[in-house]
Structure formats: structure tokens, C-alpha cells
Amino acid sequence: MNTLTTTRIVFFSPTHTSEKIARAVGEGIGMPRRIETDLTLDEDSSPIEIKDELTILAAPVYGGRVAPTALKRMKRLRGNHSPAILIVVYGNRDYEDALIELRDMAVALGFIPLAGGAFVGEHSFSTPELPIAEGRPDETDLREARRFGKECLEKWEQSADITTLSVKGNIPYKALTPGQPACPACNEKCFVCGECVDVCPTHAIRISDDGERIETDVNRCIKCCACVKVCPNSARIFSSPFAAILHEKFNARREPELFF
Ligand SMILES: Cc1cc2nc3c(=O)[nH]c(=O)nc-3n(C[C@H](O)[C@H](O)[C@H](O)COP(=O)(O)O)c2cc1C
Ligand code: SF4
Ligand code: SF4
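Residues numbered from 1 in each chain as written. Chains lettered and ligands numbered in written order. Predicted model: local features only at pLDDT ≥ 70, side-chain atom pairs only at ≥ 80, totals over all residues. Heavy atoms only, no water.

## Remarks on the nonpolar core
Counting 36 residues, the largest nonpolar core has Leu57, Met74, Leu77, Leu86, Val88, Tyr95 and Phe111 as the members making the most contacts within it. Listing elements by their share of this core, those giving two or more residues are β4 (54-62), α2 (68-74), β7 (83-90), α3 (98-108) and β8 (112-120). Setting aside anything within four residues of it in sequence, one finds Val88 in contact with Ala59, Val61, Tyr95, Ala98, Leu99, Leu102, Gly117, Ala118 and Phe119. Judged by nonpolar contacts, the second largest core, of 25 residues, contains Phe11, Ile21, Ala24 and Leu142. (Core = buried A, V, L, I, M, F, W, Y, C linked by side-chain atoms within 4.5 Å. Buried < 20%, exposed > 50% of the residue type's maximum accessible area, 1.4 Å probe, protein only. Helix = DSSP H or I, 4+ residues; strand = E, 2+ residues; numbered from the N terminus. Contact = heavy atoms within 4.5 Å.)

## Notes on the site of ligand 1
Not every one of the 25 residues close to ligand 1 is listed here, only the nearest: Ser13, Thr15, Thr17, Ser18 and Val61. At a separation of 2.9 Å, an oxygen atom of ligand 1 approaches a polar backbone atom of Gly64. In the complex, the protein chains occlude 94% of the 650 Å² of accessible area that ligand 1 would expose alone. Contributions of two or more residues to the shell around ligand 1 are made by α1 (17-29), β4 and β7. (Near = heavy atom within 4 Å. Polar contact = N/O pair within 3.5 Å; in protein donor to acceptor, adjacent residues only side chain to side chain. Areas by Shrake-Rupley, 256 points an atom, 1.4 Å probe, with all protein chains shown as cover.)

## Concerning unusual backbone geometry
The linkage connecting Arg136 with the following residue, Pro137, adopts the cis geometry, with an omega of 5°. As for its position among the elements, Pro137 is in the loop between β8 and α4 (139-158). Note the cis peptide between Ile171 and Pro172, where omega equals 0°. Relative to the assigned elements, Pro172 resides in the loop between α4 and β9 (185-186). At His203, a residue that is not glycine, the phi angle is positive and equals roughly 55°. Within the secondary structure, His203 is located in the loop between α5 (195-199) and β10 (205-207). With relative accessibility at 41%, the residue His203 sits in the partly exposed group. Here the phi dihedral of Ser234 falls at roughly 50°; this positive angle occurs in a residue that is not glycine. Looking at the element boundaries, Ser234 is found in the loop between α6 (226-230) and β12 (236-237).

## Things to note about the packing of aromatic side chains
Going through the model one piece at a time under the given rule, you end up with 4 aromatic pairs. A ring pair is formed by Phe119 and Phe148, whose centres lie 6.0 Å apart and whose planes are at 55°; its orientation type is tilted. You can see Phe119 sitting in strand β8 and its partner Phe148 sitting in helix α4, a full 29 residues away along the chain. Each member of the pair, Phe119 together with Phe148, is buried. For the pair Phe125 and Phe238, a centre-to-centre distance of 5.4 Å together with 55° between the ring planes defines the contact as tilted. In this pair, Phe125 sits in the loop between β8 and α4 while Phe238 sits in the loop between β12 and α7 (242-249), placing the two residues 113 residues apart along the sequence. As far as the burial class goes, Phe125 and Phe238 line up, both buried. Taken together, the aromatic side chains of Phe119, Phe148 and Phe260 make up a single cluster linked through ring pairs. (Phe/Tyr/Trp six-rings, centres within 6.5 Å; stacked < 30°, edge-to-face > 60°.)

Here you go:
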């Protein structure tokens, strides 16, 4: 029987849905020791050695692929044959080739993929006026994530040999479609508190030298909407033409998909 005593939870999660799912999976595993590696604001590139830890890798889906910033930040990880649970979180449209891409990257980094899951999180572009998977992951999703964690542990403990993990997705992956540069803007309700500055994963936001305005570097913005969701005064707005389409077309609830 395989035994391990530590879970490592690695995530990139600007609006915290991937983080919530990853933590719930960790809870379901229930090991005595849990370490978190939050790559959301971490631009360091020094290697992170992971050894003899049941590892959870969680990232959002952007354009049917793993969010490129998440992939870039995870490249620091050294798996050293540790088993990995792969999680992608998407906004109720589709995850397309994201899970297979995360699996392939995990292998390239030296992990042994054990299981994979595609979960739903509130869409980054969701607003109270145009909700898209609003409030997800909800309690049902988190229960499912905890159950998934428990089953992953059972698989790890009972398997003599872990064979290649099959997940949904295509190779070659869907082409990346970064789209036109765009970023959220502040309206007249902004009181320059700086909370949005602190949560930006790419450090695209700053307070102007005279301290009177928020400035955003559109070329650094990854449209993650962390700044929009954290603003205490609803003063940060991202006007995406996709929000209305997503709200209209992808309102049927999708459920988690799990692969062992
Ligand atoms: C630029 C961008 C592209 C996205 N593309 C997709 C997509 O292809 N399919 C989907 O269902 N959701 C998509 N989403 C929504 C996110 O995957 C979803 O909101 C996820 O829960 C965000 O994860 P986080 O809370 O960990 O940041 C996209 C979000 C952004 C910002
Ligand atoms: S969090 Fe909102 S109010 Fe505060 S600086 Fe940013 S946009 Fe302005
Ligand atoms: S400025 Fe862009 S990258 Fe920074 S938090 Fe806002 S949406 Fe995300």
C-alpha cells in the first residue's frame, strides 16, 4: 500500500474559485499535513521542489485552455514523481482542452497524474446584471470536490501501479485566442483605496503619482477580473461583449466531470 502524509495544494486563482475547489479536494483527502502554494501573485521563478506529497494542481480555464499565466507560474514546480490531482475550473461554458493540457504539463514537470477533475466556478465576467454561474462553486460543488479528494486518496493507497491518466480533450490543443488588449476601468465611485492594486496577479494596476487616480497597463492585463470582484464600491467595471452572450447561452447548470 502507498502511504503519504502530506498534501500540497498548488493554485493560481485570481477570483478564488479554483482555490476553493482545490482546498475542498484537500479537505476530502484529509491528510494530517497540508501545505499551500498560492501562485496567484507570485512572479518568482525559482524552482519549487515537491517530493512525497500528494499534490493538487488547480487553475482556471481561459479560452478552453489552462490560463497561460497559471501554466507559466507552475513551470517552477519539480514533481519528483509525486502523485498529482489535476483540477481545472471553468465558468460553465466549456473547458475544452484545459484538463489534458494540465495533465501533459504535470507529466513534463515530473508528476504522476492520479486523477483529474473539471469543476465549475462563477465566470470571471459574471456581474449581478449578467450572472454567469453566479455563486459557484456552491455547497454541492464543494461536497463533490471533497468526495473526489477522498476517492483520489483511495486510488493512491490501493494502486500498485498508476497507469496513464485519460481525460477529456484534444491533442493538438485548441489554438490560443488572446483577443484584443482590454482591461477594466474605474468609474466615478472609485475612492482610490488601492485594494484592486493589491490583488492584480500581473501588477498591471497602480495609483497615479499624484495619488488621485488608478492607472492600468492594458498590455499587462489578463482580464482575470480579480480587481472588479474585490472592489468594495463596485467602481471597477469590465465591459466585455462576451458577458451578455455567456449569460444567455450558458445558463444551464453544468456539473463536475471526474477522471480516474
Ligand atoms: C480571459 C478569460 C477567459 C475565460 N475563458 C473561459 C472558457 O473558455 N470557458 C469557460 O467556461 N470559462 C472561461 N472563463 C471563466 C473562468 O474559467 C472561471 O470564471 C473560473 O472560475 C475562474 O477561476 P478563478 O476564480 O480561479 O480565477 C474565462 C475567464 C477569463 C478571465
Ligand atoms: S478597489 Fe475600487 S475603489 Fe478601490 S481603488 Fe480600486 S477601483 Fe477604486
Ligand atoms: S487589471 Fe487586469 S490582470 Fe489586473 S486584476 Fe484587473 S483584470 Fe486582472
